[in-house]
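Here is what each chain is made of, one letter per residue.
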There are 2 protein chains.
Amino acid sequence: MIVRTTEEITGTERDVTSEDGQWRSKRIVLGGDRVGFSFHETTIRAGSTNEFHYANHVEGVWLVEGTGTLTNRETGETHPLAAGTMYLLDGHERHTVRAETELRMLCVFNPPVTGREVHDENGVYPLVTVD
Amino acid sequence: MIVRTTEEITGTERDVTSEDGQWRSKRIVLGGDRVGFSFHETTIRAGSTNEFHYANHVEGVWLVEGTGTLTNRETGETHPLAAGTMYLLDGHERHTVRAETELRMLCVFNPPVTGREVHDENGVYPLVTVD
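Residues numbered from 1 in each chain as written. Chains lettered and ligands numbered in written order. Predicted model: local features only at pLDDT ≥ 70, side-chain atom pairs only at ≥ 80, totals over all residues. Heavy atoms only, no water.

Novice: Before we move on, could you go through the overall build of chain A and cite the residues and values that matter?
Specialist: Of regular secondary structure, chain A possesses one helix and eleven strands. Counting from the amino terminus, chain A carries its helices and strands in the arrangement β-α-β-β-β-β-β-β-β-β-β-β. Its C-alpha atoms give chain A a radius of gyration of 14 Å, within 12% of the compact-globule value 14 Å for 131 residues. Dimensions of chain A along its principal axes, counting C-alpha atoms only, are 40 × 30 × 25 Å. Counting across all 131 residues of chain A, residues that qualify as buried make up 53%. Expressed as a percentage of contacts within chain A between residues at least 6 apart in sequence, the contacts between residues at least 24 apart total 61%. Surface summary for chain A: the accessible area is close to 5,800 Å², and the carbon and sulfur share equals 44%. Counting 12 positive and 21 negative side-chain charges, chain A places the averaged centre of each group 3 Å from the other. (Helix = DSSP H or I, 4+ residues; strand = E, 2+ residues; numbered from the N terminus. Rg over C-alpha atoms; globule rule 2.2 N^0.38 Å. Buried < 20%, exposed > 50% of the residue type's maximum accessible area, 1.4 Å probe, protein only. Contact = heavy atoms within 4.5 Å. Areas by Shrake-Rupley, 256 points an atom, 1.4 Å probe, with all protein chains shown as cover. Lys, Arg positive; Asp, Glu negative; His and termini not counted. Charge placed at Lys NZ, Arg CZ, Asp CG, Glu CD.)

Novice: Please set out the relation of the copies chain A and chain B residue by residue, giving values where relevant.
Specialist: Expressed as a screw operation, the relation of chain A to chain B combines 0.0 Å of axial shift with a rotation of 180°, fitting to an RMSD of 0.0 Å. With respect to symmetry, the two chain copies, as superposed, fit the operation of a two-fold axis. By residue overlap, the copies meet face to face through one surface: 100% of the interface positions of chain A are interface positions in chain B. (Least-squares fit on C-alpha atoms with pLDDT ≥ 70 in both.)

Novice: I'd like to hear about the pattern of salt bridges, residue by residue, with values.
Specialist: Residue and element names in this part refer to chain A. Across all of its chains, the model carries 14 salt bridges over all chains by this definition. Across the pair aspartate 15 and arginine 24 runs a salt bridge whose closest N-O atoms are separated by 2.6 Å. The exposure class of aspartate 15 is buried, given its relative accessible area of 13%. Taking the relative accessible area as the measure of exposure, arginine 24 reaches 32% and is therefore partly exposed. (Salt bridge = Lys/Arg side-chain N within 4 Å of Asp/Glu carboxyl O.)

Novice: Break down the sheet that holds strand E1 (residues 2–5) of chain A for me, with residues and values.
Specialist: The strand order across the open sheet built from seven strands is E1(A)-E9(B)-E6(B)-E11(B)-E4(B)-E3(B)-E2(B), with neighbouring strands paired in antiparallel fashion. Strand pairing shows two members of the sheet lacking a second neighbour, E1 of chain A together with strand E2 (15–17) of chain B, which therefore form its edges. Direction aside, neighbouring strands of the sheet carry axes that sit 20° apart on average. With four bridges joining them, E1 of chain A and strand E9 (residues 85–89) of chain B adopt antiparallel strand pairing. Note that in E9 of chain B the partner of arginine 4 of chain A across the bridge is methionine 86 of chain B. (Pairing = 2+ DSSP bridges. Axes fitted to C-alpha atoms, helices over the stretch in contact; angles between N-to-C directions.)

Novice: Talk me through the interface of chain A and chain B; I want residue IDs and the actual numbers.
Specialist: Contacts between the two partners involve 35 residues from chain A and, on the opposite side, 36 residues from chain B. Taking both sides of the interface into account, the surface hidden between chain A and chain B amounts to around 3,200 Å²; carbon and sulfur atoms contribute 76%. Of all residues in chain A, Met1, Trp62 and Met86 of chain A bury the most surface against chain B, accounting for 26% of the area lost on that side. Taken together, the connections running from chain A to chain B amount to zero salt bridges. Linking chain A with chain B are 14 residue pairs in polar contact (both at pLDDT 80 or more), by the criterion used here. Of all the elements in the fold, those that place two or more residues in the side of chain A that touches chain B are E1, strand E3 (23–29), strand E4 (38–44), strand E6 (58–65), strand E7 (68–72), strand E9 (85–89) and strand E11 (103–110) of chain A. The greatest single-element share of the side of chain A that touches chain B, amounting to five residues, is contributed by E9 of chain A. Looking at the side of chain A that touches chain B residue by residue, the classes come out as 18 nonpolar, eleven polar and six charged. (Buried area = accessible area lost by both parts, 1.4 Å probe. Polar contact = N/O pair within 3.5 Å; in protein donor to acceptor, adjacent residues only side chain to side chain. Nonpolar A, V, L, I, M, F, W, Y, C, P; charged D, E, K, R; others polar.)

Novice: Describe the environment of threonine 85 of chain A, and please don't skip the residues or the numbers.
Specialist: Checked against the element boundaries, threonine 85 of chain A lands in strand E9. Judged by its relative accessible area of 4%, threonine 85 of chain A falls in the buried class. Placed 18 residues apart in sequence, threonine 85 of chain A and threonine 67 of chain A show a C-alpha to C-alpha distance of 9.7 Å. Ignoring anything within four residues of it in the chain, the contact list for threonine 85 of chain A reads Val61, Trp62, Leu63 and Pro80 of chain A together with Val3, Arg4 and Thr5 of chain B.

Below, the structure written as structure tokens:
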């Protein structure tokens with residue numbers, strides 16, 4: 001059994017802020033924990049617009065706080081985001097998240113993020129596996 | 001892409017209350033979604049004590065609200081539970097969750113729960129796979 005708190009991982013290697021400062025992701029479970037998924041708390045800055053694409057990962061995102069809009073860039077469809085909304089990127093969809101107020105969401109990745117990925121020039125996380 | 005809300009799954013087959021009424025689990029992602037994990041919002045009633053054991057699943061639990069105590073029944077160790085605490089049952093540990101106030105937590109299961117499991121006489125979920 002592993003017990004951790006968001007507070008104790010804050011400011012460590014598990015706490016990653018994007019280069020543009022628009023999002024921050026605290027990874028409380030990573031690939032190195034060897035449970036087949038990673039589990040992150042992500043916050044997105046109020047007023048920001050963010051393009052994401054996980055070509056190598058499925059992601060499930062459940063909103064805890066905030067309001068905004070999700071756009072599926074494959075289809076152009078938009079969805080309102082609020083506490084209780086969940087979106088599941090089961091088809092590796094390119095998507096845009098627009099935050100009206102700060103968004104706080106818990107995110108699951110399969111395969112797990114290892115913590116060593118950096119978004120590439122396309123905003124894609126490469127597939128990195130645990131040695 | 002699948003988009004759902006906690007509100008729209010409330011009162012459906014995805015919303016399960018324990019026989020004793022002490023916990024309720026809303027499964028927004030299940031095995032049938034075929035992404036390799038399930039994702040649940042579980043609430044545990046204030047003042048209740050609950051024994052759990054997932055012999056066939058790894059579970060990661062991240063507290064969003066409430067206070068209580070987690071006991072690892074394999075070792076007798078106890079841990080305080082509060083918003084931001086995460087526990088990962090990577091060794092299928094028998095454990096007890098005591099809720100001082102109502103606990104609200106987001107939970108990830110690997111392999112995914114299908115929604116057809118019922119806790120057996122030992123409080124264990126059987127392994128059920130999607131056809």
